[in-house]
Each structure stands twice: as C-alpha cells, then as structure tokens.
Amino acid sequence: MNNTYLAVDFGGGSGRVMAASIHRGILKLEEIYRFPNRQVRMGNHIYWDFLALFEEMKTGIRQAVRRGYSVRSIGIDTWGVDFGLIDKEGNLLGNPVCYRDSRTDGLPEEFFDGPALSAHYAETGIQVMAINTLFQLYSMQKKGDAQLEVADRLLFMPDLFSYYLTGVPNNEYCIASTSELLDARTRTWNRTLIESLGLRQSLFGEIVMPGTVRGKLKKEICEELGVSEEVEVIAVGSHDTSSAVFAVPEAGKNRAFLSSGTWSLLGVELDEPILSEEARKAGFTNEGGVGGKIRFLQNITGLWMLQRLIAQWKEEGKETDYEYLMTTAEKSEITSVIDVDDKAFQSPMDMEAAIAGYCRKHGYQVPASQGECVRCVLQSLAQRYKQGIEQLNRLLPAPVEQLHIVGGGCRNHLLNRLTSEVVGIPVYAGPVEATAIGNILVQALAAGEIKDRNEIKEII
Ligand code: LFR
C-alpha cells in the first residue's frame, strides 16, 4: 500500500500508531498498534516513561512496514504542556515530568498578582493553569534545577519524539501555544515573559506551523525501522486537541466541538483570539489551531475520573466490565452533581474516596455503589458541558447551535444521552478517531494530495 501516512497519537492513557491512505475522497484508516502510557510515581515526582514510549512508537512504525504499508510521512501528536530538555549533544536531561505532578501547586498565585493576570491573559490568551509549561519551568527555576543550567533546547513532547527521529529540534505552533509562553496574536514566543522567568531565550527555538516539514528521518532510524530515507516527519497539529478539532466537519455555522477523552475540551474555532476579561474569568483559553485558527475552549476534567475509578476497581478485584458499569449507572437514581474541575479530582490516590469526600463535604448524597458513582461522574460532566455552552453563548456574537462530540469519549452513549438531555441543542457524535484523522489530514494537505479538509467524504 503506497502513499501511507502514519499518525502517531499519544494520549494521557494510551498511544497508538494508525496508518491511512486517501483515495477519491475516501480516507482508509487502520489501527496498527496500541500501547499503554503509564505515569510513573518515583521519588517525589510523577513522570512519563519517555524511553518506553519512544520504543513503542518505533514498534508501531515497524509493524506498519511489516504489514506492507509504504510510508510517505509521519505525524506525531501528544497531550499538551509537557516537555523535555536536551543538552548540546542532544541528550535528554531527565524524564519529562507529568503535568499532574504537584511541583506547580500554588505557583500561579505566587507568580501573578491580580492586575498582572489580566495583562498576561490579554497577551497570551491562555487560561492560567498550574499544569502549564510556564509554571513547570518556574518551579524548576525556583529550585535551581541543574537541568536548566545545561539545557540547550526545550522540546514539547511531540517535538521531542520528532527530534529523536529526525535530529532536527523545532517547536510546533499548536503544542507551543499550550505552554502559556506564546503571544496569542503574533503566534510567536513572548520574549518578555521568558525573560521575566529568568530563562535563556535560546531554549525556545524555531516555531514551525502545521503542514510544514519538521525533518527527514535519520539514516540509522530508517535502517532500524525499515523505511526509505525519503520519509519525512510533518508538523501536524501536534497538540492532540488541535488535531481532533481539525477533524470536526467544518460545514455549518455556530458549531461547538467537544473533544472527549481523558480531558473534555469544549469550545469553538475562531480566526482571532478573544482576549477579554469576560473570557478570562469564564476560564477560556485561546490555543493555537491548524491553519492559523484559534481554538477558543475550556479545559474540563473529562473521563479521567472514570478512567481512574475503573483502574482502581480493577486493582480491588471489583467488576470493571464497561457495559455492566454503564447499565447500572443508567438505572441509578442518584442526583448528586459534583464540580469535576475541583482540585480534589486532579490526581487523588483514591478517586472513589475523593468523590465520596466531596459529596459529604457539600451535603450531597454519597454514591453507595459503582453504578451510582459512575452516574454521578457522567451527569456532572453533562452539567459542566451545559455550563460551558452557556458561557460560550455569552461571549460569542451568535449562540452555539450544534455540539459535535469527537474522540474516544463519544463512544460513551450514556454520557452522550445525558449531555443531549441538558444542553438543549442537537448533539452529534463522532468520529471516534478524530485526533488521528486530523493528524492525517494535515499530512495529506502538506503532500498536496487534498486541497482542503472538506474533501474527505467518507472514512473507513
Ligand atoms: C488532552 C490535552 C488537553 C490538555 C491536557 C494536558 O489530551 O492535550 O488539551 O489541556 O491534555 O496537556
């Protein structure tokens, strides 16, 4: 199979390598390889296992080759904000730390006083969140982390994978925008902000736009993977959400997207950022999108809570069959609605206890069964989406008329139903593989195989 695009998509819970080709408006997509992405608690930190992930990516590419795919290009996307630092020789200085690590707790409050916050938002357009790169770097700087002293370049996760495939260090625009270190209007590094952090400007390199070439595969990588030396790594919307949003059909106006996975990203695509105080106060962020668009969205704690519950129940030897959990949740009559974005749910050791504790504290009915617990989480998410849409409607010139749910989470029929019951506008679900599709569309555009994303009529 000639002219295959490979999408390597790393999510917070798992990663996958997908192979795709396009023929007369039909996009054929095959999942080649899927692997877990585990967070490692070690010493005082939570890390990503970068080395294992890099090996898994190579395994996936090799398997695609073994299945007879002739690779044309590769696009890589990952979750946002996290990064690795490399030295002059290209050595990775330490495993990337996970954004759920507590090293940034309380730092936004320490870094900004009130008025500075508004000015900062007016420049970066990014919702201040402790997980963001800005605060991760601030925490390292405060502790005098030796890595910063010897670092030559900062590479976000997709940049890092791309670097070790090509040997070319660059920062892709969409992922860089999640750092809270870019200027939303000029779409380049906010050099003043970098200076105020006391960081060397040279850490932050060339910003490449989606659709451009990041680099060719290194010779030794080609040999290892069995691919031609002509294979290029293309800069896609390398923040997973930017790829997912790019896969949402464009037709029709006033359409909001909900990219549903570990996180729920709810918002709209705009041509220019909204940098007002109202937008900031409502918790909106202006992230960089493919094609120079802005993803104006809220970061909502998504299916993370459910993922943690299931992982925990598995360890405890309880029932974890998805259908069973959803059926019992459907029958459950608990009415408790929790604030899914509460800090208590960010990375508790025991998610079930965190939910019970929250309900007790607020005088809500405490879930007494697995079904009630799941129901409580899902209806809370649905309510949160409703609130997000109301907030969007207050900020946009015209109200949202449809909600388009994409990503793995759109397979959760109960959540879709609960959402459509409360939001009061038509809800459409799919595609599930939006991130991989968005990733591939950008590669196909770069190759000149399609002229715009609406050319794809069917996905198999
Ligand atoms: C989703 C996502 C979100 C981002 C979060 C943390 O996978 O990329 O967009 O806010 O992960 O990086």
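Residues numbered from 1 in each chain as written. Predicted model: local features only at pLDDT ≥ 70, side-chain atom pairs only at ≥ 80, totals over all residues.

Draft legend 1. Region of interest: the overall build of the protein. Helix and strand counts for the protein come out as 17 helices and 19 strands. In terms of overall dimensions, the protein is globule-like: its C-alpha atoms have a radius of gyration of 21 Å, near the 23 Å expected for 460 residues. Once the C-alpha set of the protein is aligned to its principal axes, its extents read approximately 60 × 50 × 50 Å. The proportion of buried residues among the 460 residues of the protein is 48%. Summarising the internal contacts of the protein: among those between residues at least 6 apart in sequence, 73% fall at separations of at least 24. (Helix = DSSP H or I, 4+ residues; strand = E, 2+ residues; numbered from the N terminus. Rg over C-alpha atoms; globule rule 2.2 N^0.38 Å. Buried ≥ 20, exposed ≤ 12 C-beta atoms within 10 Å, placed from the backbone. Contact = placed C-beta atoms within 7 Å.)

Draft legend 2. Examining the domain arrangement of the protein more closely. You can read the domains of the protein as domain 1 (4–238 + 436–459) and domain 2 (248–430). With 23 residues of domain 1 at the contact, the number on the domain 2 side is 20 residues. For the side of domain 1 that touches domain 2, the secondary-structure elements that each account for two or more residues are α3 (114–124) and α7 (173–177). Taken together, the residues of the side of domain 1 that touches domain 2 break down into 9 nonpolar, 10 polar and 4 charged. (Domains from an automatic or database assignment. Nonpolar A, V, L, I, M, F, W, Y, C, P; charged D, E, K, R; others polar.)

Draft legend 3. Layout of the sheet that holds strand β3 (residues 26–36). The strand order across the open sheet formed by 7 strands is β11-β12-β6-β1-β2-β3-β19, and the pairing between neighbours is mixed. Strands at the two margins of the open sheet, each flanked by one partner only, are β11 (213–216) and β19 (458–459). Bridge analysis of β3 against β19 gives 2 bridges, and the strand direction is parallel. Bridge pairing in β19 places Ile-26 opposite Glu-458. The strands touched by helix α17 (residues 434–446) within the sheet are β1 (4–10), β2 (14–23), β3, β6 (71–77), β12 (232–234) and β19, with β1 carrying the most contacts at an inclination of about 140°. (Pairing = 2+ DSSP bridges. Axes fitted to C-alpha atoms, helices over the stretch in contact; angles between N-to-C directions.)

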